Amino acid sequence: MSWRQGINVNNVSTIICGSHVFLGVGAIQKMEFIAEQLKSRGIDSVIVMTGKGAYAKTGAWDYVTKALDQQKIRYTLYNKVQPNPETHQVDEAVKIARDAGAKAVISIGGGSPIDAGKSVAILLEYPDKTCQDLYELKFPAEKAVPLVAINLTHGTGSEANRFAVVTIPEKGYKPAIAYDCIYPLYSIDDPALMIGLPANQTRYVSVDAVNHVVEAATTVLNNPFAITLGKEVVQLVAEYLPVAIREPKNLTARYFLAYAAMIAGTSFDNGLLHFTHALEHPLSGMKPELTHGLGLAVLLPAVIRAIYPACGAILADLLSAVAPGLTGDAAEAEKAAEGVRAWLKSVGITEKLGDVGFKESDVPQLVQLAFETPGLAGLLNSAPVELSKEIVEQIYRESF
Ligand SMILES: [Fe+2]
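Residues numbered from 1 in each chain as written. Predicted model: local features only at pLDDT ≥ 70, side-chain atom pairs only at ≥ 80, totals over all residues. Heavy atoms only, no water.

Here we look at the coordination of the iron ion
Point 1. Taken together, the protein ligands of the iron ion are Asp208 (OD), His212 (NE2), His277 (NE2) and His292 (NE2), with distances of 2.1 to 2.2 Å.
Point 2. Taken together, the 4 donor atoms coordinating the iron ion span angles of 80 to 166° at the metal, a pattern that classifies the geometry as irregular.
Point 3. In the primary sequence, the donor residues of the iron ion line up as D-x3-H-x64-H-x14-H. Of this pair, aspartate 208 sits in helix α7 (residues 199-216) while histidine 292 sits in helix α11 (residues 292-318); the two residues are 84 residues apart in sequence, bridging distant segments of the chain.
Point 4. Residue classification places aspartate 208 among the buried positions, given a relative accessible area of 4%.
Point 5. Taking relative accessible area as the criterion, histidine 292 reaches 17% and is therefore assigned buried. (Donors = N, O, S within 2.8 Å, 3.2 Å for Na, K, Ca; no water. Tetrahedral: all angles 85-135°; square planar, octahedral: opposite > 155°, others 65-115°. Helix = DSSP H or I, 4+ residues; strand = E, 2+ residues; numbered from the N terminus. Buried < 20%, exposed > 50% of the residue type's maximum accessible area, 1.4 Å probe, protein only.)

Have a look at this one:
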């Protein structure tokens, strides 16, 4: 049976594609156009949010500074965004940005600098609020200064959507927010800036993109757009991830992985996310050194097994490039999970939850965090099966 027959045509979906993304080798040269556009909006000062080194190593920084200099736009560099950024870093950057009179944000990097940048963009409009207020959902964000995202990885899709994630370390929370005001005004996906990504990073960010669509295509809010994009994402990652691992400088592979990650970002902008992300956030919330994509990979087989009976037709089609031969029958849940596990192994990911530093005795705390962390309830409630503590616990336990 085709999943199309399961689509409720009486459901009215909102199809969202919210940013202008420049995709292709050399897209970084669009910085000149972007700087012109910022200037024409009266922006004469920006804050640049980035991590330690990639912004310079990739060459992105040279293009950005040249374009800003040409337009006489002042820039302040905040290059302390760490993987899994934390609220206090965002607050520190907001203060620096405010002191410098920044009227826009340019993020350079993967999901961490882009999401930290989205947060700064909102908080510059709300002088009496902190980043913790933002991520504890104490106020609805309705405005933000313009944001430009120069993406250096091919995973998060944050350059194309309205999601952001920042950790509140005091509470072990890693909440997600989604606001229309943080679509990047412009984004750059330039494969030439991604060829230096190490093999493991290449794996983990690509698995992040795959998880985005496995979830977006199977939420209770899914729609044909999220599913169709999703199938394309899985096919592209299946084809090009092994190439990029083997030949890191292969621009065609990096192009299609960047494209896959970008449309995966659009897919979950439309379909939202559910278990894998809601359950991963407590993992990297508790252990910030854990890479998001690896945490997702560890959970994915158990999530597939849990949801397959509810949405087998979609998953059979969506996963056909990585787990061929599925028909959608509910009895195939284990076979589907095993297929995904075998695919992860084929791209070099074999870790279980115990291998990334967790013990079975951590499960009650993880379950509690999944239910307590602000913003995760919306994801959990979008899952295609009835939500209970038992099913969340089962997914964690099966991931050991
Ligand atoms: Fe993600």
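Structure's up, so let's keep going.
Observations concerning the environment of leucine 379
Point 1. Locating leucine 379 in the fold gives a position in helix α14 (residues 376-380).
Point 2. Residues leucine 379 and leucine 272 lie 107 residues apart in sequence; the distance between their C-alpha atoms is 7.2 Å.
Point 3. Other than its neighbours up to four places away in sequence, leucine 379 contacts Leu273, His274, His277 and Ala278. (Contact = heavy atoms within 4.5 Å.)

Things to note about the sheet that holds strand β4 (residues 104-109)
Point 1. Pairing is parallel across the open sheet formed by 6 strands, whose spatial order is β1-β8-β5-β4-β2-β3. Both edges of this open sheet fall to β1 (20-23) and β3 (74-78), since each of them pairs with a single strand only. For this sheet, the mean angle separating the axes of adjacent strands, direction not counted, is 15°.
Point 2. Examined bridge by bridge, strand β2 (residues 45-50) and β3 share 5 bridges and lie parallel to one another. In the strand pairing of β3, methionine 49 is matched with tyrosine 78.
Point 3. Strands β1, β2, β4, β5 (147-151) and β8 (186-189) of the sheet are contacted by helix α1 (residues 31-40), whose axis makes an angle of about 170° with β8.
Point 4. Along the sheet face, helix α5 (residues 111-123) touches β2, β4 and β5 and points at about 170° away from the line of β4. (Pairing = 2+ DSSP bridges. Axes fitted to C-alpha atoms, helices over the stretch in contact; angles between N-to-C directions.)

A word on the pairing of β2
Point 1. Counting buried positions over the 6 residues of β2 gives 6, a clear majority of the element.
Point 2. Burial along β2 is two-sided: Ser45, Ile47 and Met49 facing one way and Val46, Val48 and Thr50 facing the other are all buried.
Point 3. As paired elements, β2 and β4 share 5 bridges and run parallel to each other. Bridged to methionine 49 within β4 is serine 107.

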